[in-house]
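Observations on the three-dimensional arrangement
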Amino acid sequence: MKMTGSQILCESLIKEGVDVVFGILGGSILPLYDTLTQYPQIKHILVRHEQAAAHAAAGYARVTGKPGVCFATSGPGATNLVTGIADAYLDSTPVIAVTGQVPRPFIGKDAFQEIDITGITLPITKHNYMVNDPKYVAQTVKEAFYIARTGRPGPVLIDIPKDVQVETAEFDYSVKLVLPGYKPTIQGHPSQLKKAARLIGEASKPVIIAGHGVIISDAYDELKDLAEKTQTPVITTLLGISSFPGSHILSYGWLGMHGLAHSNLAVDACDLIIAIGMRFDDRATSRVNGFAPNARVIHIDIDPAEIGKNVKVDVPIVGDVKNVLKELNKYIEVKQNSDWLKQLEEIKAKHPALVISESEKILPQYVIRKIYEATGGDATVVTGVGQHQMWAAQYYTFDRPNTLITSGGLGTMGFELPAAMGAAVGRPDDAVWCIAGDGGFQMTMQELATIVQEKLPVKIAIMNNGYLGMVRQWQELFYGKRYMATPLGCPDFVKIAEAYSIPAINVTRREDVEPSIQRALEHPGCFLLNFVVDPEENVYPMVPPGASLAEVMEAPRKEVMSWPRKNTP
C-alpha cells in the first residue's frame, strides 16, 4: 500500500506499540502533525518546551521500560531536545526523538531553521538517522526501536526532511533487520561465571553494588536470590536505588559523594565487590586510587566498554544482568557471612547517617520523611538535581522496584517536572511525587500548563531554600562562603500554581508539614506544596572532592574547609 512518509512513520510507531508521544509542532514537522489526525491511537501531548518533551519521554520510558517518543521541528525545536537526549544517553534511557528537517533541496543552504541535528547529536545518541527517501522510513523506525531498547538502552534520533514526509512509498513493516556489527552480548560466559562463583565462595567480606542495570533488566528477583543465598549486603548506586528493597535486612544503603557513611565505609573495608549493572562513575567511587583498596572486583555489565574503564576488574562478565545472575546463581553455594554482617552493624551503629536534628525551622529531610510516611512508600518519586535529590534518595525508603526516577549522569536541573509528567502518563494508577528544588523548578515550570491540560495528578513538593543549594554548599565549604550567583530570587510559587488553576499551599511552619502533605494526597488532581526550608541546611554525609570514600564527612562543619582548589570542579 502506498503511503506518505508521515503515514508510514505513524503506522510504524503503532507497530512498535507506541500510544503516546510528547512534542511541539513547527513548520518542518507540520506534515507529520497533520497526519496525526488520522491516527487517534497515538495520543499527542503538547508540551511547552521541547526539552520537556525529551524529559517526559524519558520519564515515561523509565517507568514503563518501553521507548519514550518525542517530536520536534527543525532548528531550535531540534536543538531544544539536545539536553534531554544527552540526559537519556548518560542514564541509558530508551528514547526515540523524531525531528522535522528543512526540505532536501534546502539542506546545506543555511535555510530558515536548518540545523545539522544528526551531527550535533552524534556523540549523545546510540545511533541517529536522516531519512532521505520515504521508502526507508519503516526500516529506519524498526531499526531505531531495536537499537534503543536492546543491549545497553539509549536514545536514537530520526531526522526527516519536510518533503520526505509528504512523498509516497510502499509501506512494508515486514522488512528484516540487518545491522552488521551490532550484536549485544546477552549471556555471560560460563567460565567467567564459574570464576565469579569461586571468588564469591572465597570472600569473607563481600558487598554487592547494584546499579541501574538491575532495574533496566528487571533483575530484582535474581539480585535478591544472590544476596540472600550468600548473605551479602547490597549497596546501590544513586540510579540503582529501588533495585533492592530499602527495608531488607541486607540493604546497606547507597554509596558515593552523598551516599550513607556506613555504605562508603563498607565498600572501603570489603574484600570483594560484585558490581552489577553499574559503571563506577566518579560520584560513586570518589578518588579511584583510594576506592576499595582491599577488594577484588567482579563486574557484570552489558556494555563491554564500561568494564575496566574506571576500576581494575578481576572477573569481567559481559551480558544482560538478569540472564547473568540467573546463571550465576546456579553456581553459587549457600554461605554465611555472619562475622562480616556483624562488623557492618557495628559500623552502622558508629556512623548513623540519617539523623534528623530537632529544629524550629523546616528541615528538608523532615519533609521527605513525612512524605514517605504519608505515602507508605507506595509512590513513584521523581526528582531534579541538587540537595533535594540527595535528601530524597536518603530519607525516602524505596521498597517497590523502580520507584526513584532521577537524573544521574548528566545531572540535569529541571528534569523533575517534565519527567514526573511522563511518569504519570506511564503509570496512570500510581501516585507520582515530583520533589523539586526552587532553582530547578523554575527551569521547566511552564510544564504546569501541560499537567493541567492533560489532567495529570502529579503532587509537587518544592524544597524552597532561596539558593541554588548544592552549589551554595560547595561555596560554603570550599570557597570561603563567597556566595556568588547562588542566592536565588523566586516568584510566589503558590500564585504561579493558582494561575494554572492548581491548588497550592505555602508551608512555613514545621507543624504544618504533615497536614499539608495529607491535603495534597486527598486532592484528586495536581497539588503544589511550597516548603520554605532552612536556607543553610547542608547535605551530609559528604565525600569532599579529591577524597576517598573512607574520608566521608558526617557532621556539619561551619568552618571553611581547606581542601586543595585543584580538586574542585
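This structure is a prediction, so every number in the text was calculated from the model and none was measured.

**A word on the packing of helix α3 (residues 50-64) against helix α18 (residues 416-426)**
Where α3 meets α18, the axes come as close as 7 Å, and the angle between the chain directions of the two elements is 45 degrees. With respect to α18, the element α3 is oriented oblique. In this structure, the crossing between α3 and α18 has a hand that is right-handed. Residues A52, H55, A56, G59, Y60, V63 and T64 of α3 form the contact with α18, whose participating residues are P418, A419, M421, G422, A423, V425 and G426. Taken together, the residues that form the contact of α3 with α18 break down as 9 nonpolar, 5 polar and no charged.

**Thoughts on the domain arrangement of the protein**
Partitioning the protein into domains gives domain 1 (2-170), domain 2 (190-350) and domain 3 (364-532). Contact with domain 2, which involves 16 residues of that partner, is made by 18 residues of domain 3. Both faces considered, domain 2 and domain 3 share a buried interface measuring about 1,300 Å² in area, 66% of it formed by carbon and sulfur atoms. In terms of surface lost to domain 3, no three residues of domain 2 exceed L238, S242 and H258, which account for 38% of the buried area on that side. Taken together, the connections running from domain 2 to domain 3 amount to 0 salt bridges. Here domain 2 is connected to domain 3 by 7 residue pairs in polar contact (both at pLDDT 80 or more). Broken down by class, the residue content of the side of domain 2 that touches domain 3 amounts to 10 nonpolar, 4 polar and 2 charged.

**Details of the packing of helix α11 (residues 220-230) against helix α14 (residues 321-331)**
Helix-helix packing is characterised by the crossing angle of the two axes and by the distance between the axes. The N-to-C vectors of α11 and α14 enclose an angle of 30 degrees; their axes lie 9 Å apart at closest approach. Seen along the crossing, α11 lies across α14 with a hand that is left-handed. On α14, the residues that touch E222, L223, D225, L226 and K229 of α11 are K322, L325, K326 and N329. Tallied by class, residues from the contact of α11 with α14 come to 3 nonpolar, 1 polar and 5 charged.

**Brief notes about the packing of aromatic side chains**
Summed over the entire model, instances satisfying the criterion amount to 10 aromatic pairs. Their ring planes at 75 degrees and their centres at 6.0 Å tell us that Y33 and F71 sit as a pair that is edge-to-face. Of the two residues, Y33 sits in helix α2 (residues 30-36) while F71 sits in strand β4 (residues 68-72), which places them 38 residues apart along the sequence. When sorted by exposure, Y33 lands in the same class as F71, which is buried. Seen from their ring centres, F441 and F493 are 5.5 Å apart, and the 85 degrees between their planes marks the pair as edge-to-face.

**Here we look at the side chain of T150**
By the element assignment, T150 lies in the loop between α7 (137-149) and β7 (156-161). Looking at T150, the relative accessible area reads 17%, which means it is buried. Polar side-chain contacts of T150 include one of 2.5 Å to the backbone oxygen of Y146. Those residues in contact with T150 that sit more than four places away from it in its chain are K126 and Y182.

Rules used throughout
Residues numbered from 1 in each chain as written. Predicted model: local features only at pLDDT ≥ 70, side-chain atom pairs only at ≥ 80, totals over all residues. Heavy atoms only, no water. Axes fitted to C-alpha atoms, helices over the stretch in contact; angles between N-to-C directions. Helix = DSSP H or I, 4+ residues; strand = E, 2+ residues; numbered from the N terminus. Parallel < 35°, antiparallel > 145°, perpendicular 65-115°, else oblique. Left-handed = near helix turned anticlockwise from the far one by under 90°. Contact = heavy atoms within 4.5 Å. Nonpolar A, V, L, I, M, F, W, Y, C, P; charged D, E, K, R; others polar. Domains from an automatic or database assignment. Buried area = accessible area lost by both parts, 1.4 Å probe. Salt bridge = Lys/Arg side-chain N within 4 Å of Asp/Glu carboxyl O. Polar contact = N/O pair within 3.5 Å; in protein donor to acceptor, adjacent residues only side chain to side chain. Phe/Tyr/Trp six-rings, centres within 6.5 Å; stacked < 30°, edge-to-face > 60°. Buried < 20%, exposed > 50% of the residue type's maximum accessible area, 1.4 Å probe, protein only.

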